Amino acid sequence: GVDPAAAARADLVAFGSGPGERTVGGAAFARAWNAAWKGKVTIASSVARLLPSATTGWVAATVELAKPGYKVPFTVFAVFDKLADGTWSLVHIHFAA
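Residues numbered from 1 in each chain as written. Predicted model: local features only at pLDDT ≥ 70, side-chain atom pairs only at ≥ 80, totals over all residues. Heavy atoms only, no water.

Locating Ser89 in the fold gives a position in strand 6 (residues 88–96). Taking relative accessible area as the criterion, Ser89 reaches 1% and is therefore assigned buried. Only 2.8 Å separates the side chain of Ser89 from the side chain of Asp3, close enough to count as a polar contact. Side-chain polar atoms of Ser89 contact the backbone nitrogen of Ala6, separated by 3.2 Å. Those residues in contact with Ser89, other than ones at most four positions away along the chain, are Asp3, Ala5, Ala6, Val79, Phe80, Asp81 and Leu83. (Helix = DSSP H or I, 4+ residues; strand = E, 2+ residues; numbered from the N terminus. Buried < 20%, exposed > 50% of the residue type's maximum accessible area, 1.4 Å probe, protein only. Polar contact = N/O pair within 3.5 Å; in protein donor to acceptor, adjacent residues only side chain to side chain. Contact = heavy atoms within 4.5 Å.)

Here you go:
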């Protein structure tokens, strides 16, 4: 699921793979993710990097969304910020088919 800090972010932006598919706000993204993606995604490959600040990082991954009888591949790019307690929280995500 979407971490609680990300779900509370008003400035979280998610771009989907379809034309005009854009979600602003962590709560809206969390609802959509939990309804359609949570528990249905496997990671085929990924790479992660930390920016020089050491408080921001990104992940690029190839994932597969399980549908009944088949899987849909996506490339995902996500940006995370490190919180004061040391955990990482999503701030931006972009899906490409």
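This part covers the side chain of Thr56. Checked against the element boundaries, Thr56 lands in strand 4 (residues 56–67). The buried category is assigned to Thr56, whose relative accessible area is 19%. When near neighbours in sequence (up to four residues on either side) are disregarded, Thr56 contacts Leu50, Leu51, Val79, Phe80, Asp81 and Trp88.

Taken in spatial order, the six strands make up an open sheet running 2-1-6-5-4-3, and their pairing is mixed. Of all the strands in the sheet, just strand 2 (22–24) and strand 3 (41–50) have a single pairing partner and so form its edges. This sheet shows a mean twist of 20 degrees between the axes of neighbouring strands, independent of strand direction. Relative to strand 5 (residues 70–82), strand 4 is paired through twelve bridges, and the arrangement is antiparallel. Bridged to Trp58 within strand 5 is Val79. Relative to strand 6, helix 2 (residues 26–36) is tilted by about 65 degrees, and along the sheet it contacts strand 1 (13–15), strand 2, strand 3, strand 4 and strand 6. (Pairing = 2+ DSSP bridges. Axes fitted to C-alpha atoms, helices over the stretch in contact; angles between N-to-C directions.)

Another point: the packing of aromatic side chains. In the structure shown here, the tally under the stated rule is seven aromatic pairs. Aromatic pair Trp37 and Phe74: ring centres 4.9 Å apart, planes at 55 degrees, arrangement tilted. Of this pair, Trp37 sits in the loop between helix 2 and strand 3 while Phe74 sits in strand 5, and the two are 37 residues apart along the sequence. For the pair Trp37 and Phe74, one class covers both residues: buried. Through a chain of ring-to-ring contacts, the aromatic side chains of Phe29, Trp33, Trp37, Phe74 and Phe95 assemble into a single cluster. (Phe/Tyr/Trp six-rings, centres within 6.5 Å; stacked < 30°, edge-to-face > 60°.)

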